[in-house]
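Structural characterization, general
One-letter residues, chain by chain:
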Amino acid sequence: MKLTLSELAERAGHKMGSRLRGRELGKVFNQALRDYIVSVPQNSLILFSLKDAIMMDVSFIDEVFGGIAEARGRGELDGAAMLLIQVDPLDADDINRILEGRPGYSTGLRNCVLPLDVKGEIKLIGKTEDYVAETFAYLTDNGHANTADLARDLDLALNTASTRLKTLYDLGLALRKQQETGRSYVYYMLTPA
């Protein structure tokens, strides 16, 4: 599923102008984006293109992108995973700085992160705990994993490996499918194709 910033503006009832400014407008866009994320089947991937992004101020970015990443980090937002695509490097830098800073003033927030496609390579922007980054790197290298694979390759207990993979999924950093042989899942890397 593909979504552009202009399409999100339309969903938010806003006419795109020359700038996207302020927290109040950011809150409107945040709610429209949340509504879209939960309306799409949970194991789907939204490709959110910022190709048509006009100038966004930091308050707007904080409310939209910081708000979504924080909600995921707190387990308050279920729904489809979202991959940022076609993002200007300056916008990516602003989003990254905002996401990195949020855990410093938002009590109890340990992961405030979004996935970003940079020329076909998926990178994490924002703040993550070391184990999240390590598990994401493993999934990136292998394309997919189940609990047994991760436990064996990283020398982890099965419950630890399971928790790590589910954390990636809950943060919107991986997709998953149930294995045919039971209750366990195979987790997959996000791919823009």
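Refer to the structure printed above.
Everything in this summary refers to the structure shown in the same document. The model shown is predicted, which means the values in this text are computed figures rather than measured ones. (Residues numbered from 1 in each chain as written. Predicted model: local features only at pLDDT ≥ 70, side-chain atom pairs only at ≥ 80, totals over all residues. Heavy atoms only, no water.)

The next thing to look at is the pairing of strand β9 (residues 175-178). As paired strands, β9 and strand β10 (residues 185-188) are joined by four bridges and run antiparallel to one another. Bridged to R176 within β10 is Y187. The antiparallel hairpin formed by β9 and β10 contains six residues in its connecting segment, where G182 sits at a positive phi of about 160°. (Pairing = 2+ DSSP bridges. Helix = DSSP H or I, 4+ residues; strand = E, 2+ residues; numbered from the N terminus.)

For the coordinates displayed, the defined rule picks out four aromatic pairs. Chaining the aromatic ring pairs together yields one cluster made of Y169, Y185 and Y187. Lying over the aromatic face of Y169, R176 brings its terminal NZ or CZ to 4.1 Å of the ring centre. Looking at K177, its charged tip hangs above the ring of Y188, at a distance of 5.6 Å from the centre. (Phe/Tyr/Trp six-rings, centres within 6.5 Å; stacked < 30°, edge-to-face > 60°. Lys NZ or Arg CZ within 6 Å of the ring centre and 35° of its normal.)

Glancing now at the nonpolar core. Counting 38 residues, the largest nonpolar core has F29, L33, F48, F65, M82, L84 and L114 as its most contacted members. Of all the elements in the fold, those that place two or more residues in this core are α1 (5-11), α2 (23-39), β3 (45-49), α3 (58-73), β5 (81-85), α4 (89-105) and β6 (112-118). Every residue in contact with L114, bar those within four places of it in the chain, is listed here: F65, I68, A69, M82, L84, L99, K123, L124, I125 and L173. The next biggest cluster of nonpolar side chains, apart from the first, holds 25 residues, and it includes I85, A145, L150 and A151. (Core = buried A, V, L, I, M, F, W, Y, C linked by side-chain atoms within 4.5 Å. Buried < 20%, exposed > 50% of the residue type's maximum accessible area, 1.4 Å probe, protein only. Contact = heavy atoms within 4.5 Å.)

What follows deals with the pattern of salt bridges. By the definition in use, this model includes 14 salt bridges. Note that K27 and E24 form a salt bridge whose closest N and O atoms lie 3.8 Å from each other. You can see K27 and its partner E24 sitting in helix α2, three residues apart, about one turn around the helix. Of the charged contacts in the structure, one is a salt bridge between E121 and K123, with a shortest N-O distance of 3.5 Å. Look at E121 and you get partly exposed, because its relative accessible area is 46%. Counted as one network, the salt bridges with shared partners bring together R23, D62, E63, E70, R74 and R102. (Salt bridge = Lys/Arg side-chain N within 4 Å of Asp/Glu carboxyl O.)

Another aspect to go through is the side chain of T135. Secondary-structure assignment places T135 in helix α5 (residues 130-142). Taking the relative accessible area as the measure of exposure, T135 reaches 1% and is therefore buried. Here the side chain of T135 touches R164 through a polar contact of 3.3 Å, side chain to side chain. In contact with T135, other than residues within four places in its own chain, are L150, R164, L165 and L168. (Polar contact = N/O pair within 3.5 Å; in protein donor to acceptor, adjacent residues only side chain to side chain.)

Looking now at the packing of α5 against helix α6 (residues 147-154). The N-to-C vectors of α5 and α6 enclose an angle of 110°; their axes lie 12 Å apart at closest approach. Relative to α6, the element α5 is oriented roughly perpendicular. Every residue of α6 that contacts α5 at E134, T135 and Y138 is listed here: D149, L150, D153 and L154. A breakdown of the residues in the contact of α5 with α6 according to their chemical character gives three nonpolar, one polar and three charged. (Axes fitted to C-alpha atoms, helices over the stretch in contact; angles between N-to-C directions. Parallel < 35°, antiparallel > 145°, perpendicular 65-115°, else oblique. Nonpolar A, V, L, I, M, F, W, Y, C, P; charged D, E, K, R; others polar.)

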